[in-house]
Amino acid sequence: MNIQEFPLQRAGADLDHLLEKAKSFDPVVTAVIHPCDALSLAGALKAWDLKLIVPILVGPEKRIRSVADQEGLSLDGVRIVDSEHSHDSAERAVRLVREANAQALMKGALHTDEIMASVLDKTEGLRTERRMTHVFFMDVPAYPKPLLITDAAINIAPDLLTKADIVQNAIDLGIALGISVPKVAILSAVETVNPRIPSTIEAAALCKMAERGQIIGGIVDGPLAFDNAISPQAAKAKGIISDVAGHADILVAPDLESGNMIAKQLTYLAGAESAGLVLGARVPIILTSRADGIRSRIASSALASLYRASQFK
């Protein structure tokens, strides 16, 4: 494949480790939905080149081949499933999973809503008993380890039970990444329970659910403000005694707006690099922004590989 026009920039240590670890597993057969622009097509081919995925390109074949010709990308050996338009691409990709011909989905040049409409279809979709949620993997230069942020892309205003699934999906991903017992911070504006701030009540309830075994595999604490969730100094200054405060592996946002802002602020102001995955469906869904670069797309492919490998141990 001629993908030299799309070189990887230098990744941080956490992303380096993520990619190297994923290379030890078999590539994941991935239905790439509507890869009809340079970034989404090159991202899928680069992930194939790195042996992270085996792509099946699902989209209008003429458009895909036109993009490949314009960008000098080789499609030799790549299976293409022709479709009429983006909605049809999403439906055909989901069908490949249902027919056991694909092990993951990857977003291309279409809106997230178009993918999720097909994935969430009650009769032909990929629902499970678990709520589908999104997790960002953030490689933040100023933080000593990877940071998972959830949910910043799928659930707009999650209720308590949805938040329990958000927490559990993130813990499962953390374990798949090699974190033996992920430390989960349930974020709010303050670190004390205040009936006038509903997110503090839900944080307290989530902690009790973890104590009762309704959430398993991690240490859950909250409410915690952002500063004392990630800064030992801030936690100490406020007198917070906690196994999570100052050392969080996972940040659970009160809602999509706050989660999305945290992730984007870390990216654009703190120089963080990110990958993203939707969990809770029958297969992992590699979900990136249409503006994300090649590295984010291949890092998200690595996340899917590690998560899938953990499910089949």
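Everything quoted here is computed from the prediction, not taken from an experiment.

Peer 1: Explain the overall build of the chain to me, please; I cannot follow it from the model alone.
Peer 2: If you tally the helices and strands in the chain, you get 11 helices and 11 strands. In terms of overall dimensions, the chain is globule-like: its C-alpha atoms have a radius of gyration of 19 Å, near the 20 Å expected for 313 residues. Taken along the three principal axes of its C-alpha coordinates, the chain extends 60 × 45 × 35 Å. Residue burial in the chain is summarised as follows: out of 313 residues, 55% are buried. About 14000 Å² of surface is accessible on the chain, with carbon and sulfur atoms providing 51% of the total. Put simply, the chain has 32 plus and 37 minus side-chain charges, and the middle of one group is 3 Å from the middle of the other.

Peer 1: Mind showing me how you'd approach the side chain of Lys163 here?
Peer 2: Inspection of the secondary structure assignment puts Lys163 in helix 6 (residues 160–176). The class for Lys163 is buried, based on a relative accessible area of 5%. Non-local contacts of Lys163, meaning those with residues more than four positions away in its chain, are made with Pro158, Glu202, Leu206, Ala253 and Pro254.

Peer 1: How should the confidence of the model for the chain be read in this particular structure?
Peer 2: This prediction gives the chain a mean pLDDT of 93; 96% of its residues lie at or above 70. Low pLDDT (under 50) marks residues 1–11, which in the prediction has 30 contacts with non-local residues, meaning those over four places away or in another chain.

Peer 1: What's the story with the environment of Ile285 in this structure? I'm lost.
Peer 2: Examined against the element boundaries, Ile285 turns out to sit in strand 11 (residues 285–286). Under the relative-accessibility criterion, Ile285 is labelled buried at 0%. With 259 residues separating them in the primary sequence, Ile285 and Asp26 have C-alpha atoms 17 Å apart. Beyond its immediate sequence surroundings of up to four residues, Ile285 is in contact with Leu105, Val119, Gly276, Leu277 and Val278.

Peer 1: Please explain the pairing of strand 8 (residues 219–224) as it appears in this structure.
Peer 2: Bridging between strand 7 (residues 183–187) and strand 8 involves 4 bridges; their strand directions are parallel. Paired with Val184 across the two strands is Val220, which belongs to strand 8. Note on the crossover from strand 7 through helix 7 (residues 198–211) to strand 8: the handedness is right-handed.

Peer 1: For this particular structure, what's the right way to read the environment of Glu202?
Peer 2: Topologically, Glu202 is positioned in helix 7. The contacts of Glu202, once residues within four sequence positions are left out, are Pro158, Asp159, Leu160 and Lys163.

Peer 1: Which parts of the structure should I look at to understand the side chain of Gln168?
Peer 2: As for its position among the elements, Gln168 is in helix 6. Residue Gln168 is classed as buried on the basis of its relative accessible area of 9%. Setting aside residues up to four positions removed in sequence, Gln168 forms contacts with Arg130, Gln214, Ile215 and Ile216.

Peer 1: Is there a simple way to explain the packing of helix 6 against helix 11 (residues 294–311) in this structure?
Peer 2: How two helices pack is summed up by the angle between their axes together with the distance between the axes. Two elements in contact, helix 6 and helix 11, have axes separated by 8 Å at closest approach and are oriented at 95°. In this view, helix 6 runs roughly perpendicular relative to helix 11, as classed from their interaxial angle. Residues Asp172, Leu173 and Ala176 of helix 6 lie in contact with helix 11, whose contacting residues are Leu303, Leu306, Tyr307 and Ser310. The class makeup of the residues in the contact of helix 6 with helix 11 is 5 nonpolar, 1 polar and 1 charged.

Peer 1: Looking at this structure, how should I read helix 4 (residues 86–98)?
Peer 2: Along an α-helix, residues three or four apart share an orientation, since each turn contains 3.6 residues. Helix length check: helix 4 (13 residues) gives 19 Å between terminal C-alpha atoms against 18 Å at 1.5 Å per residue, within 8%. Taken together, the buried positions of helix 4 are Ser86, Asp88, Ser89, Ala90, Ala93, Val94, Leu96 and Val97. Just downstream of helix 4, Ala100 is the residue with a positive phi angle, here 65°.

Peer 1: Help me understand the pairing of strand 2 (residues 53–59) in this model?
Peer 2: On a regular strand, each side chain points to the face opposite its neighbour's, so the side chains alternate between the two faces of the sheet. In terms of residue burial, strand 2 counts as a mostly covered element, since 6 of its 7 residues are buried. Of the pairings in the sheet, the one linking strand 1 (residues 28–33) to strand 2 comprises 6 bridges and is parallel in character. Each bridged residue has a counterpart across the sheet, and for Val32 the counterpart in strand 2 is Leu57. In this fold, strand 1 hands off to helix 2 (residues 38–49), which returns the chain to strand 2; that crossover is right-handed. Sheet topology places strand 2 next to strand 3 (residues 79–82); 4 bridges connect them, and they run parallel. Bridge assignment links Gly59 to a residue of strand 3, and that residue is Asp82. A crossover links strand 2 with its parallel partner strand 3, the connecting element being helix 3 (residues 61–71), and its sense is right-handed.

About the thresholds
- Starting afresh in each chain, residues are numbered from 1 along the sequence in its written order.
- Totals for whole chains, interfaces and linings use all residues, but because this is a predicted model, local features are given only for residues with pLDDT of at least 70 and pairs of side-chain atoms are given and counted only at 80 or more.
- With hydrogens and water stripped out, all remaining heavy atoms of the structure feed into the side-chain values.
- Here a strand is any run of E in DSSP of at least two residues, a helix any run of H or I of at least four, and the numbering for each starts at the N terminus.
- The globule rule is 2.2 Å times the number of residues to the power 0.38, and the radius of gyration it is compared with is taken over C-alpha atoms.
- Burial classes: relative accessible area under 20% of the type maximum marks a residue as buried, over 50% as exposed, and values in between as partly exposed (1.4 Å probe, protein chains only).
- Only the protein chains shown count as cover for residues, and all accessible areas are computed by the Shrake-Rupley method using a 1.4 Å probe.
- Residues scored as charged are limited to Lys and Arg (positive) and Asp and Glu (negative), so that His and the chain ends carry no count.
- The atom standing in for a charge is NZ when the residue is Lys, CZ when it is Arg, CG when it is Asp and CD when it is Glu.
- When checking whether two residues touch, look at their non-hydrogen atoms; a contact exists if any pair is within 4.5 Å.
- A residue's pLDDT is the confidence the predictor assigns to it, expressed on a 0 to 100 scale.
- When DSSP finds at least two bridges between two strands, those strands are taken to pair.
- We call a crossover right-handed when, viewed with the strands running away from us, the connection from the first strand over the helix to the second turns clockwise.
- Note on geometry: axes are C-alpha line fits, over the in-contact stretch for helices, and angles between N-to-C directions span 0 to 180 degrees.
- For this classification, under 35 degrees means roughly parallel, over 145 means roughly antiparallel, 65 to 115 means roughly perpendicular, and everything else is oblique.
- In the scheme used here, Gly and all other residues not listed as nonpolar or charged are polar, with Ala, Val, Leu, Ile, Met, Phe, Trp, Tyr, Cys and Pro taken as nonpolar and Asp, Glu, Lys and Arg as charged.
- Multiply 1.5 Å by the residue count of a helix minus one, and that product is the helix's expected span.

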